[in-house]
Every structure is written in C-alpha cells, then in structure tokens.
Amino acid sequence: VVRESSSPCSHTTVVQRQTYLDSLLASSDPIPPLKEVAQRFGFAHYLNLKSAFPAQYNKLQQRRYHEKRQALQDILDGDEIITVPELACQRGYHQADLYRRFPDLCVQVTQVVRERQKAKCHRYLNELIANDTYPSLKAISRMLGVGSYYLSQRFPQELATIAEARQRQKQQEYDRLRCYL
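Please read these numbers as outputs of a predicted model, since none were measured by experiment.

S.K.: Before we move on, can you summarise the packing of aromatic side chains with the specific residues and values?
M.R.: The geometry of an aromatic ring pair is captured by two quantities: the separation of the ring centres and the angle between the planes. Scanning all chains against the criterion turns up five aromatic pairs. Judged by centre distance (5.9 Å) and plane angle (65°), the ring pair of Phe41 and Phe53 falls under edge-to-face. Placement of the pair is Phe41 in the loop between helix 2 (34–40) and helix 3 (46–52) and Phe53 in the loop between helix 3 and helix 4 (54–77), with a sequence separation of twelve residues. Under the relative-accessibility criterion, Phe53 is labelled buried at 4%. Three or more aromatic residues joined by ring pairs form one cluster here, namely Tyr20, Phe41, Phe43 and Phe53.

S.K.: Before we move on, can you summarise the nonpolar core with the specific residues and values?
M.R.: Counting 15 residues, the largest nonpolar core has Leu72, Ile75, Val84, Leu87, Leu98 and Val109 as its most contacted members. Elements represented by at least two residues in this core include exactly helix 4, helix 5 (84–91) and helix 7 (103–130). Among residues more than four places away in sequence, those in contact with Val109 are Leu72, Ile75, Leu76, Ile82 and Val84. Among the nonpolar cores identified, the runner-up in size contains 14 residues, and Cys121, Tyr124, Phe155 and Ala165 belong to it.

S.K.: I'd like a rundown of the layout of surface pockets, residues and numbers included.
M.R.: Where empty space is left becomes clear once a probe the size of a water molecule has been rolled over the atoms. Counted as a void, the largest pocket has a volume near 480 Å³. Around the largest pocket, the lining comprises 17 residues; the ones closest to its centre are Leu34, Arg64, Lys68, His94 and Asp97. Going through the elements one at a time, helix 2, helix 4 and helix 6 (95–101) are the ones with two or more residues in the lining of the largest pocket. The dominant element in the lining of the largest pocket, judged by the number of residues it contributes, is helix 4, at five residues. Partitioning the lining of the largest pocket into residue classes produces five nonpolar, five polar and seven charged. Here the second largest pocket is characterised by a volume of approximately 190 Å³. Elements that contribute at least two residues to the lining of the second largest pocket include exactly helix 7 and helix 9 (148–154). Counting residues per element, the lining of the second largest pocket draws most heavily on helix 7, which supplies four residues. A per-class count over the lining of the second largest pocket returns three nonpolar, two polar and four charged.

Parameters at a glance
- Residues numbered from 1 in each chain as written.
- Predicted model: local features only at pLDDT ≥ 70, side-chain atom pairs only at ≥ 80, totals over all residues.
- Heavy atoms only, no water.
- Phe/Tyr/Trp six-rings, centres within 6.5 Å; stacked < 30°, edge-to-face > 60°.
- Helix = DSSP H or I, 4+ residues; strand = E, 2+ residues; numbered from the N terminus.
- Buried < 20%, exposed > 50% of the residue type's maximum accessible area, 1.4 Å probe, protein only.
- Core = buried A, V, L, I, M, F, W, Y, C linked by side-chain atoms within 4.5 Å.
- Contact = heavy atoms within 4.5 Å.
- 1 Å grid on protein atoms, 1.4 Å probe; cavity = no way out; pocket = protein on both sides within 12 Å on 5 of 7 lines; lining within 4 Å.
- Points joined across faces, edges and corners; volume = space filled by probe spheres on them.
- Nonpolar A, V, L, I, M, F, W, Y, C, P; charged D, E, K, R; others polar.

Structure below.
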C-alpha cells in the first residue's frame, strides 16, 4: 500500500529512493557501504533498507560482494603494496568481512604484499650501497615505510654494509675537518 502523505514514507519519497538505488546500480562507481545508503534514507539500520527495497538491496549487496572480490584480485594482478587492512580502510569495507568472505584471496594478498615489500626494501638498500649513499637506519625506515626491526631482521648484511660505510664517511669528514683546524 502506497501512502500519499508527506511522511518520510510518501510515494514521492519511495520513488526517489528507488531512483537513487537504481542510479547506484547503474553507476560504474563503487557502491558505498549499505549502512551509509540506509542512513541517507533515514533508516536506523541497513536491515530497514533491506526490508523496504529487497530487490535493490540484494543487487547492491551482490555488486558490493563482487567489488570486494575484484579489489582483492586487483592487488594480486597489480604491483601496488596494499595490505588487506589498508584496502578495507580505503574502501570502507570491514576487514573481518574480507577475511571471512575471501579467506584464500586474503592469504594470497598477504603473501604477495610481503614479497613485494621485501623486494622493494632489498632493491632500495642495494641502490643506496651502489650509489654510495648511506643514510641512517631511521631515515631508511621512514623512506620505506617499515620499521627498523623489520629491516634489521631481514637485511642484516645490507644494513651492516651501510652502517660501516656510513661510519667510514663520518670518520673521513671528521679527519678533513681536523686538518683545517
């Protein structure tokens, strides 16, 4: 039964809401969290959206499911270093939902991201050594976006080489300055 009053459930409002849901489905933009859509309609909970517009809700939910899956697959197919928690934060997904719905993909993403991060660090450290550039461990850590403990556990030889060369450089600078005094 469609009401024709000016209440929030008026026919005009229902048509506007259906039109908005249809436009979300037709758009190539990512579907916003269903909780946000429900709140936009003034619903207290997303289940109210589901009961008011079951067909559109199911389509939105399916589309969002495929978008989540595709976002994880895109990390695997690309070369970016984005963790599952970072993806969840960027896209407004619940991290636990990704792990629950796509456990195998999340494990693959985690492994690939670790490998990429390690390769990135290895390349960077070797470039520093090759270019005779010897920043502090703190500076290296900041540049790579990883902790110094991570680096010291995985790249002890490279860090030792950099530390020794850095010490030699400092000693040479000190010796040069002493000559002028």
